[in-house]
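Chain by chain, the residues:
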Amino acid sequence: MNDTPEALTETRGGPENGSMLVRRSRRVGGSVRVPGDKSISHRSLILGGMASGQTTVKGFLSSDDCLCTLSAFSRLGVRIMQPDPSSVHMDSPGFAGLMEPDAILDFGNSGTASRLMCGVLSATSFFTVMTGDDSLRKRPMKRVVDPLTAMGARIDGPGEGSRLPLAIRGTSLKGIHYFNTHKSAQVKSAILLAGLNAAGSTTVEEPLQTRDHTERLLPLFGGKVTRDNLRTTVHPGRLTGTLLHVPGDFSSAAFFLALGLLTPASSLTLDGVGLNPTRTGLLRVLEAMEARSLHIVPAGPPDSESEPYGSIHAGFSELRGIDVPPEWIPNIIDEIPILAACAVCARGTTTIRGAAELRVKESDRIRGIVSALSVLGVPFEEFPDGLSIGGLGPEPRLKGGSVDSLNDHRIAMAMAVLGTRLPEGEFLQIRGTDFVSTSFPGFSTLFNQVTE
Ligand code: S3P
């Protein structure tokens, strides 16, 4: 569906200077395959780097965030080849053979990489320093530093290990039983990864189910994991390299799913998308908002240890605002910016509470969303732990203008989708869009392929 002018024009400006210009889209159609899942790509590299021998990852997400994890393992002495962007071959000496890096490990914008690697590096026999970009150096690290310290880890950093840069002096750890009040898969995974090389077993209990990719992947590497409802236990042991297929990222697919839902003339199919139920909470929310034209066709896999995936078909739906139950938040945490875009085009008010975590993501996402909504002329209320949005219906009378993504990839992409609902003749400029490549390289090309 290529047309001129394109619905989205991207200007690459170098770090923090890129922008996108979006106009109304009349039609959306076609088939899309979104890039690999970010959470699973990080974990594939981490487990592949800890495992002895060869690991091959197919469907790998070659985004800025995942490439930080890849380069960290190169520095730790793992031989890594990338024959094409979506394939990675690793040849690792195994956890005990990892080497002290000769430089600071830079995790860029990636909260997942930095937190999970804290767990991995705490149990080595060497010293590492890790840092990140301006956004990552502001994000809370105590949530992983505290439980790891309880396991015996020696981690130092500003504010008693509250923030990056962190210096980790690898040491012997002991297993713990930890109640993860943060409802965070990053915290859970950091502890489980440390537990693989601790004395005794390590259990993490959560109040609500968070994404479970670490638990699903570990057995594929020979890791011993037992799961009992919201309690996950790892038993120490050696991992062995394997072959992995990463499904498309549901969180990336969500932007296209919303494009299909919000555009009156639309028929969009998303193939090969990860459908892990701990990630697809947005489908449940949209169903509650009366989205009637979403069809999910599961394709696999047959065994419960790996990641389910399938196709999603999205056509136009009139949506109705709802109060999102706070207990659904962990499974939609990355989809709230795009859910906000959907709420703008719904009839009635949508309220999202219990989501204070959004304030410490790649940006303060509550601030980012409400600032953009005020430019677009959408009524909203901001709360410490969420927001409510006064829906303007399927033909919202939005105002064009310029919004700041706060250098946050998901706010940028959500605003690009919402920009397609502007009245004819209006434009939306989105500033700070270079960070889209942290999770979704090629976003604007795919966007222009399906919009007209
Ligand atoms: C992630 C977990 C989530 C999510 C992030 C990726 C992961 O963070 O927001 O984008 O891969 O474990 P929290 O665990 O901090 O909620």
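Residues numbered from 1 in each chain as written. Predicted model: local features only at pLDDT ≥ 70, side-chain atom pairs only at ≥ 80, totals over all residues. Heavy atoms only, no water.

1. Concerning the pattern of salt bridges
- By the definition in use, this model includes 32 salt bridges.
- Across the salt bridge formed by E215 and K188, the nearest N and O atoms sit 2.7 Å from each other. Taken as a pair, E215 in helix α7 (residues 213–217) and K188 in helix α6 (residues 185–195) lie far apart in primary sequence, 27 residues in all.
- With relative accessibility at 0%, the residue K188 sits in the buried group. (Salt bridge = Lys/Arg side-chain N within 4 Å of Asp/Glu carboxyl O. Helix = DSSP H or I, 4+ residues; strand = E, 2+ residues; numbered from the N terminus. Buried < 20%, exposed > 50% of the residue type's maximum accessible area, 1.4 Å probe, protein only.)

2. Structural notes on the environment of I312
- As for its placement among the helices and strands, I312 is situated in strand β20 (residues 309–315).
- Each C-alpha atom of the pair I312 and A372 lies 28 Å from the other, and the pair is 60 residues apart in sequence.
- With residues near it in sequence (within four places) discarded, I312 still touches F250, L257, L268, T269, L270, V273, L275, L294, H295 and I296. (Contact = heavy atoms within 4.5 Å.)

3. Notes on the sheet that holds strand β4 (residues 52–58)
- Spatial strand order, β5-β6-β4-β17: four strands in an open sheet with mixed pairing. Sheet topology places β5 (79–84) and β17 (243–245) at the edges, where each strand pairs with a single neighbour. Across the sheet, the mean angle from the axis of one strand to that of its neighbour is 15 degrees, orientation sign disregarded.
- Bridge count for β4 against β17 is three bridges, and the pairing is parallel. Looking at β17, one finds that T56 is bridged to L243.
- Running at roughly 30 degrees to strand β6 (residues 87–93), helix α1 (residues 38–50) makes contact with β4, β6 and β17 of the sheet.
- Where helix α2 (residues 64–75) meets the sheet, it contacts β5 and β6, and its direction lies at approximately 140 degrees from that of β5. (Pairing = 2+ DSSP bridges. Axes fitted to C-alpha atoms, helices over the stretch in contact; angles between N-to-C directions.)

Purely geometric stuff here, so don't read any function into it on its own.
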